[in-house]
Amino acid sequence: MSLIRNIKAVAGKVALKKVREPERVRKGSNFTNAERIAFVYIDSDETFFKQIKNFTKQLKTDYNIRNVMALGFIDSKAKDIPVWQNQKLEFEYFTREDLNWKMKPGSRVRKFVEEDFDILIDLTDGKSLPLNFVIRESRACMKVGRKGSRVEKVYDLIFDMGQKDALDSYLDQLKKYLSKPQIQ
């Protein structure tokens, strides 16, 4: 990592701590009663992308969720966008070029952040500054993520995956706990 990137990362961590979580209606949800679910992820390879895409399809068919969105961060320049990430209707992305000098995403993600999703699920390990800004600023009613994230305080449901870092293990846990009917 270059010196400039290190400086940006330090400035970003300081700026992230100062970001106030927006007013939001906190409400527990699950896959059986949610209408709008969103995911944030780091777009690292096509296999990972396909896993997420298949999971979103499964949510729509198994739970009749009408609106499933995903926002990926691609840590490269816009000209280097992977072929599989061509703009999809329900999959959006932003790149390094969409960040300010504190690594905070700009206007490209504003609409996503302002959406009142029933559930926002962080599919990362919680270390991505750009996505941490998105999560912290999101107006989602329920935020879900992994233990150890920089923004763990804003999650309403936290999964301790221990040494299991694989996406499929995390998706299995999400299905296991978020497919159960809520206790009234």
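Residues numbered from 1 in each chain as written. Predicted model: local features only at pLDDT ≥ 70, side-chain atom pairs only at ≥ 80, totals over all residues. Heavy atoms only, no water.

Undergrad: What exactly am I supposed to notice about the overall build of the protein here?
TA: The helix and strand inventory of the protein stands at 5 helices and 6 strands. Listing the helices and strands of the protein from first to last along the sequence gives α-β-α-β-β-α-β-α-β-β-α. Its C-alpha atoms give the protein a radius of gyration of 16 Å, near enough to 16 Å, the size a compact globule of 184 residues would have. C-alpha atoms of the protein, sized along the principal axes, occupy 50 × 35 × 35 Å. In the protein, which comprises 184 residues, the share counted as buried stands at 46%. When contacts within the protein are restricted to residue pairs at least 6 apart in sequence, long-range pairs at least 24 apart make up 62% of them. Accessible surface for the protein amounts to roughly 10100 Å². Of this, 50% is attributable to carbon and sulfur atoms. Charge-centre separation for the protein: the mean point of 36 positive side chains lies 4 Å from the mean point of 26 negative side chains. (Helix = DSSP H or I, 4+ residues; strand = E, 2+ residues; numbered from the N terminus. Rg over C-alpha atoms; globule rule 2.2 N^0.38 Å. Buried < 20%, exposed > 50% of the residue type's maximum accessible area, 1.4 Å probe, protein only. Contact = heavy atoms within 4.5 Å. Areas by Shrake-Rupley, 256 points an atom, 1.4 Å probe, with all protein chains shown as cover. Lys, Arg positive; Asp, Glu negative; His and termini not counted. Charge placed at Lys NZ, Arg CZ, Asp CG, Glu CD.)

Undergrad: Is there a simple way to explain a positive patch on the surface in this structure?
TA: Positive charge collects at one region of the surface, where Lys13, Lys17, Lys127, Arg150 and Lys153 lie side by side. Position of Lys13 among the secondary structure elements: in helix α1 (residues 3-18). On the accessibility criterion, Lys13 (37% relative accessible area) is partly exposed. (Patch = residues over 30% accessible without salt bridge, like charges linked within 9 Å, V, L, I, M, F, W, Y side chains within 5 Å. Salt bridge = Lys/Arg side-chain N within 4 Å of Asp/Glu carboxyl O.)

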